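Given next are the chains, with one letter for each unit.
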Amino acid sequence: MDCLVDDAIYIGKSDNGTGSNQYLPLKWGNRHGLVAGATGTGKTVTLQVLAEGFAAAGVPVFLADAKGDLSGMCRPSKMEGFLTKRADLIGLSDEFSGQAFPVVFWDLFGKQGHPVRTTVSEIGPLMLARMLELNDTQEGVLNIAFRVADEQGLLLLDLKDLRALLSSVNEQRKEISAEYGNVSPQSVGAIQRSLLRLDNQGASQFFGEPALDLKDFIRTDAEGRGKVNILAADKLMNSPRLYGTFLLWMLSELFEELPEAGDSDRPKLVFFFDEAHLLFKDAPKALLEKIEQVVRLIRSKGVGVFFVTQSPGDIPDSVLGQLGNRVQHALRAFTPKQQKAIRLASQTYRPNPAFDVEDVITTLGVGEALISTLEAKGQPSIVQRTMIRPPSSKLGPVTKTIRKSEITESDLADKYGQSVDNESAYEILQERAENAAKAAEKAAKEEGKAKPKKRASNRQSSGEAAFKSLLRSIGSTVGRSIVKALERGILGALKR
């Protein structure tokens, strides 16, 4: 049996393999979903099965590979060991065969896939402040710096651009504070130190050009199968705030760029957000409201978002209520808090008279899950205890040699292989500072007979002259045209 049956994804069979087949209708794929369960209960296999189903239906997929286990999707399964037993158990062995899927590898650090880049200007102050773990005061100063850059048409492509801008803002904090609000050297220094920490984590490779074209995520192969975009996230997980904010930025970019899709028979793209608790952990209320808004609205663009995490309690209720398709693997109940989480999770399902959901959640075996998907007019189906089917592609990682071959032979290798350092804020500010210094030196020579104190008070520092030159540039034709074009989206990211 193929993973795609009658416009639905075949997930598995209920009642320990003896009951009815369980499907996720493609029509409701953009109504989002949840894959939850404790460590070692089979979430990764379920994620792989769902990704295969969407890809087979011609729906491109993006997923973050937090453990490095999903790279095997580019090779067919050999159907050995427990995979064969699972196929036999659900009556699939006679019809089942291994199948490779069209995988594209990506990596924020450019080591295990095509580099993923964006510019500082495009990511915006809200999400950058979260990456940098800034407090409210520091975030306010960062917003002021972005406001100055936006108004002056200064493109912030990489971290050196932002450092140059912050230095300029710090030199002219008195003038800027009078117009925009207080800018203290302590706050600027704290932002600079946070930038250094982010740089040490390898994030500097994320900022620059060529920037990621999200259309490259939404592609099919020659056979009409959706491309499976796999982000190497094993190293990225060492910087959880960077990981969560990066995936949130991608969601917001998809929302801003894609046109309205209306009702369709399948999604345009399905986005799997693994380790989803990292997105919501310590997130301020204002950001949570924005996330809720993005999740609610992005389905109208034809994008389905599946959150993968250990417990449904990791997801805020405002977001959890929007997740119509649910796969719940086993949960542990060792503490009162865990018991409460299980009780709350069981209450979110449409009951099945054959069993008690709260009791079953703790007794599910590896590869078993409670499944409820949308059906008919978008109503949740009765929850079913289901044995998940084995994946058609290889379970587990491929070798480094195979991964490297896939990257090298990809049709995107030339597009993203080499970074480009275009003229931006750093070069412009540096040039203005140099010109201002020369002008100040010339003026000083012409005032050779003036008193030293008077000369000192009249002279501008290179930073002062550069900033005033920056202010004057806003009146130029180029300055006005850039300002007119600037527009930021729902999460503060610069619209392209």
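Since this is a predicted model, take the numbers as computed values, not measurements. (Residues numbered from 1 in each chain as written. Predicted model: local features only at pLDDT ≥ 70, side-chain atom pairs only at ≥ 80, totals over all residues. Heavy atoms only, no water.)

Novice: Whenever I open this one, the overall build of the protein confuses me. Can you help?
Specialist: Secondary structure assignment for the protein yields 20 helices and 14 strands. Principal-axis analysis of the C-alpha atoms places the extent of the protein at approximately 100 × 50 × 40 Å. Taking all 496 residues of the protein together, the buried fraction comes to 53%. Taking all contacts inside the protein whose residues are at least 6 apart in sequence as the whole, residues at least 24 apart take part in 77%. A distance of 6 Å separates the average location of the 64 positive side-chain charges in the protein from that of its 62 negative side-chain charges. (Helix = DSSP H or I, 4+ residues; strand = E, 2+ residues; numbered from the N terminus. Buried < 20%, exposed > 50% of the residue type's maximum accessible area, 1.4 Å probe, protein only. Contact = heavy atoms within 4.5 Å. Lys, Arg positive; Asp, Glu negative; His and termini not counted. Charge placed at Lys NZ, Arg CZ, Asp CG, Glu CD.)

Novice: For this particular structure, what's the right way to read the pairing of strand β10 (residues 325-328)?
Specialist: In summary, the side chains of a regular strand alternate between the two faces of the sheet. Covered by surrounding structure in β10 are N325 and V327 together with R326 and Q328, the residues of both alternating faces. Of the strand pairs in this sheet, strand β3 (residues 33-36) and β10 are connected by four bridges, and their pairing is parallel. When the bridges of β10 are listed, V35 appears paired with V327. Bridge count between β10 and strand β11 (residues 368-372): three bridges; the pairing is antiparallel. Looking across to β11, one finds that V327 is bridged to I371. (Pairing = 2+ DSSP bridges.)

Novice: Looking at this model, I keep getting lost on the sheet that holds strand β7 (residues 228-232). Mind explaining?
Specialist: Read across the open sheet, the 12 strands follow the order β2-β1-β14-β11-β10-β3-β9-β8-β4-β7-β5-β6; overall the sheet is mixed. Of all the strands in the sheet, the pair left with one neighbour each is β2 (21-25) and β6 (114-115). Bridge analysis of strand β5 (residues 103-107) against β7 gives five bridges, and the strand direction is parallel. Each residue of the ladder has a partner; that of W106, found in β7, is L231.

Novice: Teacher, can you tell me more about the environment of P25 here?
Specialist: Mapping P25 onto the fold places it in strand β2. With relative accessibility at 22%, the residue P25 sits in the partly exposed group. Here the alpha-carbon distance between P25 and I9, two residues 16 residues apart in the chain, equals 6.3 Å. In contact with P25, not counting residues within four places along its chain, are D7, A8, T373 and L374.

Novice: Teacher, can you tell me more about helix α9 (residues 240-257) here?
Specialist: Two residues of an α-helix separated by three or four positions point the same way, owing to the 3.6 residues in each turn. The end-to-end C-alpha distance of α9, which contains 18 residues, comes to 26 Å, matching closely the 26 Å that a straight helix rising 1.5 Å per residue would cover. Counting buried residues in α9 gives 15 out of 18 residues, a clear majority hidden from the surface. (Expected span 1.5 Å × (residues − 1).)

Novice: Explain the layout of surface pockets here, please?
Specialist: Gaps between atoms show up when a probe of the same size as a water molecule is rolled over them. By volume, the largest pocket amounts to about 340 Å³. If you add up the space inside the second largest pocket, you get close to 200 Å³. Around the second largest pocket, the lining residues are L126, A129, R130, E133, L134, D136, E139, R241, D282, P284, A286 and L287. Secondary-structure elements contributing two or more residues to the lining of the second largest pocket are α4 (120-132), α5 (136-151) and α11 (285-298). Among the elements that take part in the lining of the second largest pocket, α4 stands out by supplying three residues, more than any other. Of the residues belonging to the lining of the second largest pocket, the class tally is six nonpolar, no polar and six charged. (1 Å grid on protein atoms, 1.4 Å probe; cavity = no way out; pocket = protein on both sides within 12 Å on 5 of 7 lines; lining within 4 Å. Points joined across faces, edges and corners; volume = space filled by probe spheres on them. Nonpolar A, V, L, I, M, F, W, Y, C, P; charged D, E, K, R; others polar.)

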